[in-house]
Number of protein chains: 2
Amino acid sequence: MNTLPDWLAQVRFDENGLIPAIAQDAADGAILMVAWMNAEALSETVRTGLAVYWSRSRQRLWRKGEESGHQQHVHEIRLDCDADVILLKVQQNGGIACHTGRRSCFFQRLDTQGEPSWVKVDPVLKDPEQIYK
Amino acid sequence: MNTLPDWLAQVRFDENGLIPAIAQDAADGAILMVAWMNAEALSETVRTGLAVYWSRSRQRLWRKGEESGHQQHVHEIRLDCDADVILLKVQQNGGIACHTGRRSCFFQRLDTQGEPSWVKVDPVLKDPEQIYK
């Protein structure tokens, strides 16, 4: 029998067995990305101290940085009041979390002067072709 | 006909018409909460400058602070690279985002000394019975 330990049983995974996880820079609080975890990804994250997610597109564990080298060293893990969102405080290898080569995935800012529009406001730090080669 | 404006059509709501939204303190970067928005909630947030969510439990718009007074003044709205997560940078009225009376909903920290366990590490700032009366 494969009973979940208490700490893991207290996490409310959704009907697909997943929970959203926010990665936040442990040093300055910047939000780097949001991805999904299943119980195995969360367990491995705790065990190894490196962020592991569940890739919904590839339907497999995604050891962040496995291709890019942009691993995330986890300093702290938090759970919200409803137990349905995880927060990771991380140190981001290479200073780049986003597959576009930017520090953070949240690089589009809503410009509300006049008709609203999304504007890319953060720089690309490294060409993605150099990251995934 | 009720066509969405471009900026709203670019947002990838899920199969239920919802998108997760992170509220982050604009001043110090603390993550306060995560809730859901539909297109109407996001539009009203942009129009009014106050955070409006979609309550999945009540199945209606949730004007944050409508009962508690703990409104969120929105300073900035961001969208991630996949356009499926919203980030709000807010000023939190009363300094309390969580219905438990804490500043942030992420008050449970995983203690990994020995067998992991979730520990409530942040103080209750106000008795919820005093907030929702």
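Residues numbered from 1 in each chain as written. Chains lettered and ligands numbered in written order. Predicted model: local features only at pLDDT ≥ 70, side-chain atom pairs only at ≥ 80, totals over all residues. Heavy atoms only, no water.

Along its length, chain A carries three helices and eight strands. Starting at the N terminus and walking to the C terminus, you meet the elements of chain A as α-β-β-α-β-β-β-β-β-β-α. Seen along its three principal axes, the alpha-carbon backbone of chain A occupies a region of about 55 × 35 × 30 Å. Considering chain A as a whole, with its 133 residues, one finds that 49% of them fall into the buried category. For chain A, long-range pairs separated by at least 24 residues make up 42% of all intrachain contacts whose partners lie at least 6 apart in sequence. Total accessible area on chain A is roughly 6700 Å²; 45% of this is exposed by carbon and sulfur atoms. Side chains of chain A carry 15 positive and 18 negative charges; the gap between the two charge centres is 5 Å. (Helix = DSSP H or I, 4+ residues; strand = E, 2+ residues; numbered from the N terminus. Buried < 20%, exposed > 50% of the residue type's maximum accessible area, 1.4 Å probe, protein only. Contact = heavy atoms within 4.5 Å. Areas by Shrake-Rupley, 256 points an atom, 1.4 Å probe, with all protein chains shown as cover. Lys, Arg positive; Asp, Glu negative; His and termini not counted. Charge placed at Lys NZ, Arg CZ, Asp CG, Glu CD.)

A few words on the relation of the copies chain A and chain B. With an RMSD of 0.0 Å, chain A superimposes on chain B once it is rotated by 180° and translated 0.0 Å along the axis. Here the two chains are linked by the operation of a two-fold rotation axis. In terms of C-alpha distance to the rotation axis, chain A has Gly29 of chain A as its closest residue, with the C-alpha 2.5 Å off the axis. An overlap of 100% is found between the interface residues of chain A and their copies at the interface of chain B, pointing to a shared contact surface. (Least-squares fit on C-alpha atoms with pLDDT ≥ 70 in both.)

Now for the pairing of strand β1 (residues 19–25) of chain A. Residue and element names in this part refer to chain A. The element β1 is largely enclosed, with a buried count of seven among its seven residues. Both faces of β1 are covered, namely the face carrying Ile19, Ala21, Ala23 and Asp25 and the face carrying Pro20, Ile22 and Gln24. The pairing of β1 with strand β2 (residues 31–37) spans six bridges and is classified as antiparallel. From the neighbouring strand, Ala21 faces β2, where its bridge partner is Ala35. Taking the residues that link successive antiparallel strands as the turn, the β1-β2 hairpin has five residues, and the phi of Gly29 there is positive, at about 85°. In terms of strand pairing, β1 meets strand β6 (residues 86–92) through five bridges, oriented parallel. The residue of β6 that forms the bridge with Ala23 is Leu88. (Pairing = 2+ DSSP bridges.)

A separate point is the packing of aromatic side chains. Aromatic rings in a pair are described by how distant their centres are and how their planes are angled relative to each other. All chains considered together, the criterion is met by four aromatic pairs over all chains. Consider the rings of Tyr53 of chain B and Trp62 of chain B, whose centres lie 5.3 Å apart with planes at 45°: the pair is tilted. Tyr53 of chain B gets classed as buried once you look at its relative accessible area, which sits at 0%. Directly above the ring of Phe107 of chain A sits Arg102 of chain A, whose terminal nitrogen or CZ lies 3.8 Å from the centroid. (Phe/Tyr/Trp six-rings, centres within 6.5 Å; stacked < 30°, edge-to-face > 60°. Lys NZ or Arg CZ within 6 Å of the ring centre and 35° of its normal.)

Taken together, the contact between chain A and chain B spans 39 residues of the former and 39 residues of the latter. Both faces considered, chain A and chain B share a buried interface measuring about 3300 Å² in area, 65% of it formed by carbon and sulfur atoms. Our enumeration of links across chain A and chain B arrives at six salt bridges. Of the charged contacts in the structure, one is a salt bridge between Asp84 of chain A and Arg56 of chain B, with a shortest N-O distance of 3.7 Å. (Buried area = accessible area lost by both parts, 1.4 Å probe. Salt bridge = Lys/Arg side-chain N within 4 Å of Asp/Glu carboxyl O.)

Another aspect to go through is the nonpolar core. Residues Ile22 and Ile86 of chain A together with Ile22 and Ile86 of chain B are the most contacted members of the largest nonpolar core, which totals 77 residues. Those residues in contact with Ile86 of chain A, other than ones at most four positions away along the chain, are Ile19, Pro20, Ala21, Ile22, Met37, Leu42, Ile77, Arg78 and Leu79 of chain A together with Phe106 and Trp118 of chain B. (Core = buried A, V, L, I, M, F, W, Y, C linked by side-chain atoms within 4.5 Å.)

Residues and elements named next belong to chain B. Mapping Gln72 onto the fold places it in strand β5 (residues 72–79). Residue class for Gln72 comes out buried when judged on its relative accessible area of 0%. At 2.7 Å, the side chain of Gln72 forms a polar contact with the side chain of Tyr53. (Polar contact = N/O pair within 3.5 Å; in protein donor to acceptor, adjacent residues only side chain to side chain.)

Once that is clear, we can look at the sheet that holds strand β2 (residues 31–37) of chain B. Strand order in the open sheet formed by six strands is β8(A)-β7(A)-β5(B)-β6(B)-β1(B)-β2(B), with mixed pairing between adjacent strands. Across the chains shown, the open sheet's two edge strands, defined by having one partner strand only, are β8 (117–120) of chain A together with β2 of chain B. Taking each pair of neighbouring strands and ignoring which way they run, the sheet shows an average axis angle of 35°. In this structure, strand β7 (residues 108–111) of chain A lies alongside β5 of chain B, joined through two bridges in antiparallel fashion. By the bridge assignment for β5 of chain B, Arg109 of chain A is matched with Arg78 of chain B. (Axes fitted to C-alpha atoms, helices over the stretch in contact; angles between N-to-C directions.)

Another aspect to go through is helix α2 (residues 39–48) of chain A. Residue and element names in this part refer to chain A. Looking only at α2, the buried set comprises Ala41, Leu42, Glu44 and Thr45. All buried residues of α2 project into a common sector of 165° when viewed along the axis, lining one side. The elements touched by buried residues of α2 are α1 (6–9), β2, β3 (52–55), β4 (60–63), β5 (72–79) and β6. Once α2 ends, the next one or two residues include Gly49, with phi positive near 75°. (Arc of directions from axis to C-beta.)

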